[in-house]
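A structural walkthrough
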Amino acid sequence: MARLILSSFVLLTVTQLGLTLGASPLGNYVRVCSQIARTVAPSPVYYSGSPNFQWLSSHWSGSSSQLSACVVEPRSASDVSKILRTVGSTRTPFAVQSGGHTANPGFSSTKGVHVSLNSLRSIRYDRFSKTVEFGTGVIWDDVYAALEPYGVSVVGGRNTGVGVGGFTLGGGYSWKTNQLGLTIDTVTAFELVKPNGDVVTVTETSDPKLFFALKGSQNNFGIVTKITLKTFPQGPVWGGMITYVGDEPIAAARAATAKFANGVSDPKASIINSFILSQGTPLVVLQLYYDGPRPPASIFKDFLSIPAAATDVSTRSYLSGYFEAVPVTKYTPKFLDLVSNTLASTSAEFANTSYISTSVAIEPFLPTIYSHNITPSAYPFDRSKVFQPCNLAMSWTNPAEDKIFEQGIKKVRDILYAGLIEEGQTETRTAPLYSNNAIWDTSLTRIYGSNLPVLKTLKAQVDPSNVMGLAGGFKIPI
């Protein structure tokens, strides 16, 4: 498994580890696992050596995986309640995993009790309210497939295999964001297991403060077991992927990206353009989307006229390391040139390492995307100005080189920041950072900003014992 900065890991049984459990932390964690197994039966608890253990605790990126004492697979909110009460009373570290798409070490993994939400897989469409309620064990592909027969869809993930939980609780940028806002802007309810084990339904009416906090603050206020979203009419869409290789096509892709980002105002049109250096070879992987069976010819004309190494674009149904982020006010040609030049230099810098690739994903959105929100949310802490997401990723294979690539991706980030500031985009250094793309040591002020004092006060009320502080993530202090 690659590492994303990515990292490989080895699963060993307790006996293979050669440890005497005794009063060791691992021994204490295993005893807590046994206690949980008794309280949640017949819901399963798996231990190292079991295929289910490895499958349920694995992540999209190896860098975010750890060897836990056990994996618990709750089948209901009641099970989750019992688990939270147990880890809270024993002060046992734990992790909560929905889809497992984070790249940050320890954010959804632990050496203690690993809680997999995999079995929370219900999906229920309500034609009267035009909403869909789904468990946080599903991925967006499941939601789209379930809704397709009804001719509706949701503001959800853009790539296959992404879980609904962390994506939604972090904010959620979608192919439909230009038209409808972030995923959190379309939430109508959360089923939440509070840190004390109480199971509640949180809405704007029932608890406006907690509803605000859940929209962007990840797992700080308990474990969300169900989410209810508004649905919207959905027909066939047009889109797919194009790959460009070679200096001239990549230069043309840069120019077309800047033109699209600054000139296209059709809210149905969206792209992600990833500039990549892979094994020393520069390439561009473009994802195009239009919310309709055919786009106006002018919108993607520049991209479609570039000679491509591979193309898969058509009308279709709406189915579907380490990371770091740089918020961008405007994608200028100069900045996109800097992206390509910076990528070109990384290959030589990591010549004697297990380096695989670096990518910079350009994600332009319209300046109106925050206007679709009707209730306040923890993310973004400032909706007065839209900053475009710019997602950095770096991958390699040797776990011993993790520190090298942590420094490497931060160096790329700092070069891009410096370029933006030189252009006059000085606000980028204090702009809201999207927590789903931010590296693990990002300051809380960049994630929660002016909302942090309010979130701290609410955290002290909802979780006075800081049970959720036993899990990973960007933790709000009491």
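Remember, it's a predicted structure, so these values are computed and weren't measured experimentally.

Rules and cut-offs
- Residues numbered from 1 in each chain as written.
- Predicted model: local features only at pLDDT ≥ 70, side-chain atom pairs only at ≥ 80, totals over all residues.
- Heavy atoms only, no water.
- Helix = DSSP H or I, 4+ residues; strand = E, 2+ residues; numbered from the N terminus.
- Buried < 20%, exposed > 50% of the residue type's maximum accessible area, 1.4 Å probe, protein only.
- Arc of directions from axis to C-beta.
- Contact = heavy atoms within 4.5 Å.
- UniProt positions renumbered as here; feature names shortened; annotations may be inferred.
- Core = buried A, V, L, I, M, F, W, Y, C linked by side-chain atoms within 4.5 Å.
- Pairing = 2+ DSSP bridges.

**A closer look at the environment of Pro25**
Take Pro25: it is sitting in helix H2 (residues 25-40). Linking Pro25 and Tyr150, residues 125 residues apart in sequence, is a C-alpha distance of 50 Å.

**Brief notes about helix H5 (residues 140-147)**
Those residues of H5 lying buried are Trp140, Asp141, Val143, Tyr144 and Leu147. Buried residues of H5, viewed axially, fall in a sector of 165°; they line one side. At its buried positions, H5 is contacted by strand S5 (123-126), strand S6 (131-135), strand S7 (152-153), helix H6 (164-170) and strand S10 (223-230).

**Some details on the UniProt feature "domain: FAD-binding PCMH-type" (unreviewed entry) in the protein chain**
Those residues carrying the UniProt feature "domain: FAD-binding PCMH-type" (unreviewed entry) are residues 64-234 in this numbering. Here residues 64-234 runs as 23% helix and 25% strand, with 35 Å between its end C-alpha atoms.

**With respect to the environment of Leu452**
Note that Leu452 resides in helix H14 (residues 452-462). Judged by relative accessible area, Leu452 falls into the buried class, the value being 10%. For Leu452 and Ala344, which are 108 residues apart along the polypeptide, the C-alpha to C-alpha distance reads 38 Å. Among residues more than four places away in sequence, those in contact with Leu452 are Leu444, Thr445 and Ile476.

**Structural notes on the nonpolar core**
Core analysis: the largest hydrophobic core is formed by 99 residues, its most contacted members being Trp140, Phe300 and Phe335. By residue number, the principal contributor to this core is helix H12 (residues 402-422), which donates 6 residues. Residues contacting Phe300, with those up to four places away along its chain left out, are Trp238, Phe260, Ala269, Ser270, Ile271, Leu288, Tyr289, Tyr290 and Pro295. Among the nonpolar cores identified, the runner-up in size contains 28 residues, and Ile36, Ala77, Val96 and Val467 belong to it.

**Some words on the pairing of strand S13 (residues 269-278)**
Of all 10 residues in S13, 9 are buried; the element is thus mostly enclosed. The pairing of S13 with strand S14 (residues 281-290) spans 10 bridges and is antiparallel. Within S14, the residue paired with Ala269 across the bridge is Tyr290. Count of turn residues in the S13/S14 antiparallel hairpin: 2 residues, of which Gln279 carries a positive phi of about 50°. Pairing analysis gives 6 bridges linking S13 to strand S17 (residues 355-362), with the strands arranged antiparallel. Directly across from Ile276, in S17, lies its bridge partner Ser359.

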